[in-house]
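So you can see what is in the structure, the chains are spelled out below.
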Amino acid sequence: MVRIDASVLPGRRAAVLASLLAALGTAGWLLAGAPGGTLTLGGGLAIGLDRIGGFFLLLVLLETAGVAAARDTPQGRTAVQLGGAILALVAGDAMTLLAGVGLAAGTRRGPMVAGLALLGGVALLGGGDFAAMRLAAPGVGLAWCAMVVAGLWPGVLGMFLVARLLVDLGGTAPGGVAMLGGGLVAAWGGWQAWRAMTFPVLIGGLGRMLAGMGLLGASIALAGRAIDFAGPAALGMASLWGAAVVLGTSVPVLAVLAGVAGTDALRRAAGVMRSGGFFGLASLAAGLTVACVPPGGGFAVVWQVFRALRALPISPVEGAVAAFGVAAGVSFAVAAVVRLLAIGFEGAAERAAAPRALERNVMALLAGLGLLAAMVPGAVAALAGGEAPGAIGGTVGLLMAGLVMVTAVVTRRLGSEGHRVIVAGAGAVEMPSRGLVGVPGLRAVIGWRKRLAVWGTGRDPLALRPLLGLALGLAVLLLLARVVT
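Residues numbered from 1 in each chain as written. Predicted model: local features only at pLDDT ≥ 70, side-chain atom pairs only at ≥ 80, totals over all residues. Heavy atoms only, no water.

### What about the overall build of the protein?
When you go through the protein residue by residue, the secondary structure sums to 21 helices and two strands. The burial tally for the protein puts 52% of its 485 residues in the buried class. For the protein, restricting intrachain contacts to residue pairs at least 6 apart in sequence, the fraction spanning at least 24 positions comes to 77%. Of the roughly 20,100 Å² that the protein leaves accessible, carbon and sulfur atoms contribute 68%. (Helix = DSSP H or I, 4+ residues; strand = E, 2+ residues; numbered from the N terminus. Buried < 20%, exposed > 50% of the residue type's maximum accessible area, 1.4 Å probe, protein only. Contact = heavy atoms within 4.5 Å. Areas by Shrake-Rupley, 256 points an atom, 1.4 Å probe, with all protein chains shown as cover.)

The structure is reproduced here in structure tokens:
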């Protein structure tokens, strides 16, 4: 079969550029205060772009840029789904919202079932105009509908539907059921990613884990509003925004990576991250961000969720189930991403991966935005129309910025390509004398140094996996210990 390079298709390049320009304009509109109103059409239908719709429109456009840059993506289907997503985002009534969701879902089974759950949620709210739906008292059923949407539609539009149902339209819905559901969905998604043997299953599982944490954040915001507790409510909303940002920036990077690999099987993508300058660094940054490891935006989401659960006066059972669900999901996600990095960086390449400029640039931009969202959480809050919570103070922000700067300096000095972060020759490994080798502690350090020396050579595919597993697992254990204590 002949494969056509995405970077040489003018239509694909134009689609990426148009999406990014539209995203830039949307960001400017949000920073200007999101002025606008509702336009009533014939038949009682209404359209209009509010703050929630505008924020998620920005993320949908970024996600579309990543999808358009990926190879073998049907451009016609992408355009139809984007049109449906925009129609859902600007919907001012239930019928327009359902019509947009139907177009955006296409023939995909999960989103179709999620659309049916959305229909049930609209029915619980009384249907019709959004202003009338906000006055309804939906009860527990709306939380179940939001759980189905988050579990079956792990994407930016799915997160928008959760935010529209729970935060906007269902302001009186109880948050306890959705809180438990968020933890379970996060654990389910991480477990799927851990067991995944193909890129689609891996990306879907990681996205589902983030969607579960977004649902958990929305339910925390509801619970905080119910008791007029502003601190946890702000943290819950920040978690929802952060999960949506990661879904719109870092997850599409993995989709572009899968297109460059040219295969769905993870094991056949060996060595794909070792080519193309900063292509490998973008893959690394996106993987760590989705796995909720610093310095990415996913870590900010987990941190804020745990802080909100500690501050919110809820049942110990609800808090424990939600916290352990998130911890389990993140642990599985860390293991899945460590395996992906080991294959992509260390595996012996079976084919010559050749990422082009379009793919490299889009991956670097989206991965950088994921890091920027973690370092400057106030910018995300400004775009979403809220206040930045105090969960991530200046110390953590400076730490993340320092990690990024150190990585950039080391990469610049030791090699411009992503896989040459650590360079060591054979003589460097044998430097210690025989007397020092006899000391147990130094012998262990030298052993790890040998493992690091072969990173990027492809001779030992398992050299870096224990070190990454130890470092990333330690971050999860520290967060879990903070919740338990």
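### Re the pattern of salt bridges
By the definition in use, this model includes three salt bridges. For aspartate 168, the salt bridge identified is with arginine 134, shortest N-O distance 2.9 Å. Taken as a pair, aspartate 168 in helix α8 (residues 156-169) and arginine 134 in the loop between α6 (130-133) and α7 (141-152) lie far apart in primary sequence, 34 residues in all. Residue class for aspartate 168 comes out buried when judged on its relative accessible area of 16%. Taking the relative accessible area as the measure of exposure, arginine 134 reaches 34% and is therefore partly exposed. Put simply, Asp50, Arg134, Arg164 and Asp168 are held in one network by salt bridges that share partners. (Salt bridge = Lys/Arg side-chain N within 4 Å of Asp/Glu carboxyl O.)

### Re the environment of threonine 64
Following the sequence through the fold, threonine 64 ends up in helix α2 (residues 51-69). For threonine 64, a relative accessible area of 11% corresponds to the buried category. Sequence-wise, threonine 64 and threonine 249 are 185 residues apart; in three dimensions their C-alpha atoms are separated by 9.8 Å. In contact with threonine 64, not counting residues within four places along its chain, are Ser19, Thr78 and Leu82. At 2.7 Å, the side chain of threonine 64 and the backbone oxygen of valine 60 are in polar contact. (Polar contact = N/O pair within 3.5 Å; in protein donor to acceptor, adjacent residues only side chain to side chain.)

### Regarding a nonpolar patch on the surface
Taken together, the side chains of Leu17, Leu21 and Leu24 define a hydrophobic patch exposed on the protein surface, amounting to about 330 Å² of accessible area. Mapped onto the secondary structure, leucine 17 falls in helix α1 (residues 10-31). (Patch = residues over 30% accessible without salt bridge, like charges linked within 9 Å, V, L, I, M, F, W, Y side chains within 5 Å.)

### Details of α2
Along its 19 residues, α2 runs 28 Å from first to last C-alpha, staying within 8% of the 27 Å computed at 1.5 Å per residue. Taking burial as the measure, the 19 residues of α2 include 15 buried ones, the bulk of the element. (Expected span 1.5 Å × (residues − 1).)

### Overview of the packing of aromatic side chains
Counted according to the given criterion, the structure contains four aromatic pairs. Each ring, one from phenylalanine 55 and one from phenylalanine 56, has its centre 5.5 Å from the other, and the planes form 85°; the classification is edge-to-face. The residues phenylalanine 55 and phenylalanine 56 share a single accessibility class, namely buried. An aromatic cluster is defined as three or more aromatic residues linked by ring pairs; in this entry it consists of Phe55, Phe56 and Phe160. Against the face of tryptophan 188 rests arginine 208, its NZ or CZ located 4.8 Å from the ring centre. (Phe/Tyr/Trp six-rings, centres within 6.5 Å; stacked < 30°, edge-to-face > 60°. Lys NZ or Arg CZ within 6 Å of the ring centre and 35° of its normal.)

### Topic: unusual backbone geometry
Located in the positive-phi region is cysteine 292, a residue other than glycine, with phi close to 65°. Relative to the elements of secondary structure, cysteine 292 occurs in the loop between α12 (279-290) and α13 (297-311).

### Brief notes about the packing of helix α10 (residues 199-226) against α13
Packed helices, taken two at a time, are described by the angle their axes make and the gap between the axes. Interhelical geometry of α10 versus α13 gives an angle of 35° and a closest axis separation of 11 Å. Judged by the sense of rotation from one axis to the other, the crossing of α10 with α13 is left-handed. Contacts from Met213, Leu216 and Ile220 of α10 reach α13 at Val301, Val302, Val305, Ala308 and Leu309. A class-by-class count of the residues in the contact of α10 with α13 yields eight nonpolar, no polar and no charged. (Axes fitted to C-alpha atoms, helices over the stretch in contact; angles between N-to-C directions. Left-handed = near helix turned anticlockwise from the far one by under 90°. Nonpolar A, V, L, I, M, F, W, Y, C, P; charged D, E, K, R; others polar.)

### As for the environment of methionine 179
By secondary structure assignment, the location of methionine 179 is in helix α9 (residues 176-195). Discounting residues that sit within four places of it in the chain, methionine 179 has contacts with Leu216, Ser219, Ile220, Ala223, Leu309, Leu312, Ile314 and Ala322.

### What about the nonpolar core?
Counting residues in each nonpolar core, the largest one holds 136 residues, and the members touching the most others are Phe55, Phe56, Leu97, Leu166, Leu210 and Met213. Here the element with the most residues in this core is helix α11 (residues 230-261); it accounts for 17 residues. (Core = buried A, V, L, I, M, F, W, Y, C linked by side-chain atoms within 4.5 Å.)

### Concerning α10
With 28 residues, α10 extends 41 Å from end C-alpha to end C-alpha; this agrees with the ideal 40 Å at 1.5 Å per step. The buried fraction of α10 amounts to 24 of the 28 residues, a majority that puts the element mostly inside the structure. Backbone geometry just downstream of α10 places aspartate 228 in the positive-phi region, at approximately 55°.

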